[in-house]
Amino acid sequence: KDKTIPFRPPEDQLKDWQNEFNSGPTTLKDLTEKIIANSLILSNKRNVAHQLSVTLPITMLTAAISARLNNVPTHYQLGMTAITMERIVIEHMLQKFGFNEGSTGTVVTGGSMGNLTALVTARTKYERFFQDKRQAHNLAIMVSEVAHYSIERAAMVMGLDRENIIQLPLNPDCTVKVDELENKLKEARSKGKIVFCIVGCASTTSHGAHDDLTALGTFAKKHNMWFHVDGAHGGCAAFSKKYKHLLKGIELCDSVIIDFHKMLMVPTTSTAILYNRRTPPPTSSDKTKTAPHRTTSTPS
């Protein structure tokens, strides 16, 4: 019971639980004790959280209320209060990040879904300007070499080739080398790639490194790219007076995700994706002025 991780090979774990449920009736008390004994004990003082943190005690009550009501925020008639409370939470998050009026957001099931949603949004916005659909296979993104695997997976789910995921070189502290951005973009364009999005990390999962968001945001604006920030782990710095400086430049992003179930101590996997309205919505006459870079084979 003192082990933080009572690790057992997956095959042994499966066989044991199959035997458990094939051996006849058991009591709720015995079943609960066995589940706890075979689970990760986040509250153990020796535990150093990797993906999850111990939850706030009050969330045991809120989770119970949520389970009892079983309302869902997918349709207003099925979750009136849940939808309203989600909207209030999103508004609070937008204020914490200092986003402009007209910004919005939603809650999704985890950081991987958040990053996928953001990249799909980026591509959708880009394709409004993109005339030659035959060039779609050349769409590309730029991202840190040590970005979370969900970025690469999201790009591949969207149909991007692996070679169109342009990995950016790093400084010794595992932040992106911003002085290499122009060179990497030039190299990508020389190969016919059309970079529509750049992703910044705040922070990286493996090293806790916060990219220079000001530099990345300025670069994205210069080249009419979507700027997404993966703040699943470190976005919580927005709530800290001491560490908020790590998010300097976040106001330049188009989208950011932050996981509630990590440093914000909320149970289950839930992620906010926030969309920052940096400028007023473009009119039809503005589209030609703000169209992203196109290769020479694409109509201008």
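In this report, we go over the structure that sits alongside the text. In this text the structure is predicted, and so the values were computed from the model without any measurement. For every chain, the first residue of the written sequence is number 1, and numbering continues from 1 along that sequence. Whole-chain, interface and lining totals are the exception, using all residues; otherwise, since this is a predicted model, local features are given only for residues with pLDDT of at least 70 and side-chain atom pairs are given and counted only at 80 or more. Side-chain measures here rest on the full set of heavy atoms in the structure, leaving out hydrogens and waters.

Quick look at the overall build of the chain
Across its full length, the chain carries nine helices and seven strands. Counting over 300 residues, the chain shows a buried share of 40%. Every residue pair with non-hydrogen atoms within 4.5 Å of one another is taken to be in contact. If you take every contact in the chain between residues at least 6 apart in sequence, the share linking residues at least 24 apart comes to 71%. Within the structure as shown, the chain displays about 17600 Å² of accessible surface, and the carbon and sulfur contribution to it stands at 58%. A helix here means a DSSP run of H or I that spans at least four residues, while a strand means a run of E at least two residues long, and both kinds are numbered starting from the N terminus. Accessible area is worked out with a 1.4 Å probe on protein chains only. A residue is then buried under 20% of its type maximum, exposed over 50%, and partly exposed in between. The method behind every accessible area is Shrake-Rupley, applied with a 1.4 Å probe, and residues are considered shielded solely by the protein chains displayed.

Points about the side chain of Ser203
Relative to the elements of secondary structure, Ser203 occurs in the loop between strand E4 (194–201) and helix H8 (213–222). Using a relative accessible area of 9% as the deciding quantity, one classes Ser203 as buried.

Here's the deal with the environment of Ser240
If you trace the backbone, Ser240 turns up in the loop between strand E5 (226–230) and strand E6 (255–259). Spatially, the C-alpha atoms of Ser240 and Lys96 are 9.9 Å apart, while their sequence positions differ by 144 residues. Of the polar contacts made by the side chain of Ser240, one reaches the backbone nitrogen of Lys242; its length is 3.2 Å. Contacts described as polar in this section are N or O atom pairs within 3.5 Å, which, within protein, must combine one atom able to donate a hydrogen with one able to accept it, while residues neighboring in sequence count only if both atoms come from side chains.

A look at the pairing of E4
Summarising burial for E4: eight of the eight residues are buried, a large majority. For strand E2 (residues 139–144) and E4, the ladder comprises five bridges, and the chain directions are parallel. Each residue of the ladder has a partner; that of Ile141, found in E4, is Cys197. In the sheet, E4 pairs with E5 via five bridges, with the strands oriented parallel. Across the sheet, residue Cys201 finds its bridge partner in E5, namely Asp230. Pairing between strands is defined by DSSP: at least two bridges between the two strands are required.

Regarding the environment of Asp212
Looking at the secondary structure, you find Asp212 in the loop between E4 and H8. Residue classification places Asp212 among the partly exposed residues on the basis of a relative accessible area of 37%. Sequence-wise, Asp212 and Cys201 are eleven residues apart; in three dimensions their C-alpha atoms are separated by 8.7 Å. Here Thr214 takes part through its backbone nitrogen, which lies 3.3 Å from a polar atom of the side chain of Asp212.

Things to note about helix H7 (residues 181–190)
In an α-helix there are 3.6 residues to a turn, and that puts residues three or four apart on one side. For H7, every residue scored as buried is listed here: Leu181, Lys184, Leu185 and Ala188. End-on view of H7: buried residues confined to an arc of 100 degrees, all on one side of the axis. When the buried face of H7 is taken as reference, the exposed residues oriented beyond 90 degrees from it are Lys186 and Ser190. Looking at the buried positions of H7, the neighbouring elements they touch are E2, strand E3 (165–168), E4 and H8. Positive phi appears at Gly192, one or two residues downstream of H7, with a value of about 85 degrees. Throughout, the arc means that of the directions going from the helix axis to the C-beta atoms.

Some remarks on the packing of helix H5 (residues 111–127) against helix H6 (residues 149–157)
Axes here mean lines fitted to C-alpha atoms, for a helix over just the part in contact, with angles spanning 0 to 180 degrees between N-to-C directions. Close contact between H5 and H6 brings their axes to 9 Å; oriented N to C, the two are set at 50 degrees. Comparing their axes, H6 and H5 come out oblique. Between H5 and H6 lies a crossing of right-handed hand. When H5 is examined against H6, the residues Ser112, Asn115, Leu116 and Leu119 are found in contact with a partner set consisting of Ser150, Ile151, Arg153, Ala154, Ala155 and Val157. Ten residue types, Ala, Val, Leu, Ile, Met, Phe, Trp, Tyr, Cys and Pro, are classed as nonpolar, four, Asp, Glu, Lys and Arg, as charged, and the remainder, Gly among them, as polar. Looking at the contact of H5 with H6, its residues break down into six nonpolar, three polar and one charged. Angular relationships are summarised with four words: roughly parallel below 35 degrees, roughly antiparallel beyond 145, roughly perpendicular across 65 to 115, and oblique for the angles in between. Each helix crossing is assigned a hand: it is left-handed if the near helix lies turned anticlockwise from the far helix by less than a right angle, otherwise right-handed if that turn is clockwise.

Digging into unusual backbone geometry
Cis geometry marks the peptide bond from Ala202 to Ser203, where omega comes out at 5 degrees. Phi at Cys174 is positive, roughly 70 degrees, even though this residue is not glycine. Inspection of the secondary structure assignment puts Cys174 in the loop between E3 and H7.

Focus: the sheet that holds E4
Strand order in the open sheet formed by seven strands is E1-E7-E6-E5-E4-E2-E3, with mixed pairing between adjacent strands. The outermost strands of the open sheet, each flanked by one partner alone, are strand E1 (104–108) and E3. Adjacent strand axes in the sheet meet at a mean angle of 20 degrees, parallel and antiparallel pairs treated alike.

A word on the pattern of salt bridges
By definition, a salt bridge exists where a carboxyl oxygen of Asp or Glu is found within 4 Å of a side-chain nitrogen of Lys or Arg. Inspection of the entire model under this criterion finds nine salt bridges. When the shortest N-O distance is used, the salt bridge between Lys34 and Asp16 registers 3.4 Å. Remark: Asp16 occurs in helix H1 (residues 10–22) and Lys34 occurs in helix H2 (residues 28–37); sequence separation between them is 18 residues. Using a relative accessible area of 22% as the deciding quantity, one classes Asp16 as partly exposed. Put simply, Glu163 and Lys193 hold a salt bridge, and the shortest N to O gap is 3.2 Å. Pair noted here: Glu163 is in the loop between H6 and E3 and Lys193 is in the loop between H7 and E4, with a separation of 30 residues, a long-range link. With relative accessibility at 59%, the residue Glu163 sits in the exposed group.

Let's talk about the pairing of E2
Residues in a regular strand project their side chains so that they alternate between the two faces of the sheet. Here E2 lies mainly inside the structure; six of its six residues are buried. Pairing geometry for E2 and E3, over four bridges, is parallel. Each bridged residue has a counterpart across the sheet, and for Met142 the counterpart in E3 is Ile166.

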